[in-house]
Amino acid sequence: MDSILTLIALFVIIFIIVHLSQWFIPIILLFLFIFWIISLFTGRRHVYVHTFKNESNDDPRQQQSNSAPKHGAIDVEYVEHEDEENGDNQ
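Keep in mind that this is a model prediction, so the values were computed, not measured. (Residues numbered from 1 in each chain as written. Predicted model: local features only at pLDDT ≥ 70, side-chain atom pairs only at ≥ 80, totals over all residues. Heavy atoms only, no water.)

**Q** An account of the overall build of the chain is needed here, citing residue identities and associated values.
**A** When its secondary structure is counted, the chain shows one helix and zero strands. The buried share of the chain, taken over its 90 residues, is 0%. (Helix = DSSP H or I, 4+ residues; strand = E, 2+ residues; numbered from the N terminus. Buried < 20%, exposed > 50% of the residue type's maximum accessible area, 1.4 Å probe, protein only.)

Right under this line is the structure:
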(Lines give C-alpha, C1' and ligand atoms only; values in the text may rest on other atoms or scores of the structure.)
Protein backbone atom coordinates (compact mmCIF):
# COMPACT_ATOMS: atom_id res chain seq x y z
CA MET A 1 0.00 0.00 0.00
CA ASP A 2 2.89 2.32 0.76
CA SER A 3 4.40 1.94 -2.70
CA ILE A 4 1.07 2.74 -4.41
CA LEU A 5 0.67 5.96 -2.42
CA THR A 6 4.30 6.88 -3.16
CA LEU A 7 3.75 6.37 -6.88
CA ILE A 8 0.57 8.46 -6.81
CA ALA A 9 2.35 11.25 -4.90
CA LEU A 10 5.28 11.12 -7.34
CA PHE A 11 2.88 11.33 -10.30
CA VAL A 12 1.08 14.32 -8.75
CA ILE A 13 4.38 16.12 -8.07
CA ILE A 14 5.65 15.48 -11.61
CA PHE A 15 2.30 16.64 -13.04
CA ILE A 16 2.47 19.88 -11.02
CA ILE A 17 6.08 20.53 -12.07
CA VAL A 18 5.27 19.95 -15.76
CA HIS A 19 2.17 22.12 -15.53
CA LEU A 20 4.07 24.98 -13.84
CA SER A 21 7.01 24.68 -16.22
CA GLN A 22 4.66 25.45 -19.11
CA TRP A 23 4.20 28.86 -17.51
CA PHE A 24 7.75 29.46 -16.32
CA ILE A 25 9.80 28.28 -19.30
CA PRO A 26 8.54 31.03 -21.69
CA ILE A 27 9.23 33.68 -19.03
CA ILE A 28 12.74 32.36 -18.40
CA LEU A 29 13.45 32.18 -22.13
CA LEU A 30 12.21 35.76 -22.52
CA PHE A 31 14.60 36.98 -19.82
CA LEU A 32 17.50 35.04 -21.36
CA PHE A 33 16.72 36.55 -24.77
CA ILE A 34 16.61 40.08 -23.31
CA PHE A 35 19.93 39.61 -21.51
CA TRP A 36 21.47 38.17 -24.68
CA ILE A 37 20.35 41.25 -26.68
CA ILE A 38 21.77 43.56 -23.99
CA SER A 39 25.07 41.68 -24.01
CA LEU A 40 25.37 42.23 -27.77
CA PHE A 41 25.37 46.02 -27.31
CA THR A 42 27.57 46.21 -24.23
CA GLY A 43 31.30 45.68 -24.24
CA ARG A 44 32.69 42.41 -23.07
CA ARG A 45 34.44 42.48 -19.74
CA HIS A 46 37.22 39.97 -19.28
CA VAL A 47 38.16 38.85 -15.83
CA TYR A 48 41.49 37.13 -15.50
CA VAL A 49 42.03 34.97 -12.47
CA HIS A 50 45.59 34.01 -11.72
CA THR A 51 46.40 31.27 -9.29
CA PHE A 52 49.89 31.09 -7.92
CA LYS A 53 50.95 27.71 -6.65
CA ASN A 54 54.02 26.93 -4.64
CA GLU A 55 55.62 23.74 -5.94
CA SER A 56 57.53 22.94 -2.77
CA ASN A 57 55.98 21.89 0.50
CA ASP A 58 58.49 23.85 2.57
CA ASP A 59 57.55 26.57 4.99
CA PRO A 60 57.46 29.93 3.11
CA ARG A 61 59.53 31.53 5.85
CA GLN A 62 62.36 29.13 5.08
CA GLN A 63 62.51 30.07 1.42
CA GLN A 64 64.62 33.14 2.08
CA SER A 65 68.21 32.95 0.99
CA ASN A 66 70.64 32.06 3.73
CA SER A 67 73.65 33.37 1.80
CA ALA A 68 75.87 36.14 3.14
CA PRO A 69 74.95 39.73 2.22
CA LYS A 70 76.56 41.07 -0.93
CA HIS A 71 79.24 43.72 -0.83
CA GLY A 72 77.74 47.21 -0.52
CA ALA A 73 74.29 45.95 0.48
CA ILE A 74 72.36 48.02 3.00
CA ASP A 75 71.07 46.18 6.04
CA VAL A 76 67.91 47.87 7.28
CA GLU A 77 65.92 47.05 10.38
CA TYR A 78 62.54 48.65 11.00
CA VAL A 79 61.61 49.41 14.60
CA GLU A 80 58.23 50.90 15.41
CA HIS A 81 58.01 53.21 18.41
CA GLU A 82 54.75 54.29 19.97
CA ASP A 83 54.21 58.01 20.42
CA GLU A 84 54.59 59.23 23.95
CA GLU A 85 51.55 60.56 25.78
CA ASN A 86 53.17 63.88 26.86
CA GLY A 87 53.18 65.31 23.37
CA ASP A 88 56.90 64.97 22.54
CA ASN A 89 57.10 64.29 18.81
CA GLN A 90 60.51 63.67 17.39
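Structure shown, so let's carry the discussion forward.
**Q** I'd like to hear about helix α1 (residues 2-41), residue by residue, with values.
**A** The end-to-end C-alpha separation of α1 is 57 Å, in line with the 58 Å expected for 40 residues at 1.5 Å each. Of all the bends in α1, the greatest, near 35°, is centred on Gln22, and the proline Pro26 appears no more than four residues after it. (Expected span 1.5 Å × (residues − 1). Bend = angle between axes of the 7 residues up to and from the residue.)

**Q** Could you give me a rundown of the packing of aromatic side chains, with the residues and numbers involved?
**A** The final tally for this structure, using the stated rule, is one aromatic pair. Summarising the aromatic geometry, the rings of Phe33 and Trp36 are spaced 6.0 Å apart at their centres and angled 40° between planes, so their arrangement reads as tilted. Remark: Trp36 and Phe33 occur in helix α1; sequence separation between them is three residues, near one turn of the helix. On the accessibility criterion, Phe33 (46% relative accessible area) is partly exposed. Given the relative accessible area of 47%, Trp36 is considered partly exposed. (Phe/Tyr/Trp six-rings, centres within 6.5 Å; stacked < 30°, edge-to-face > 60°.)

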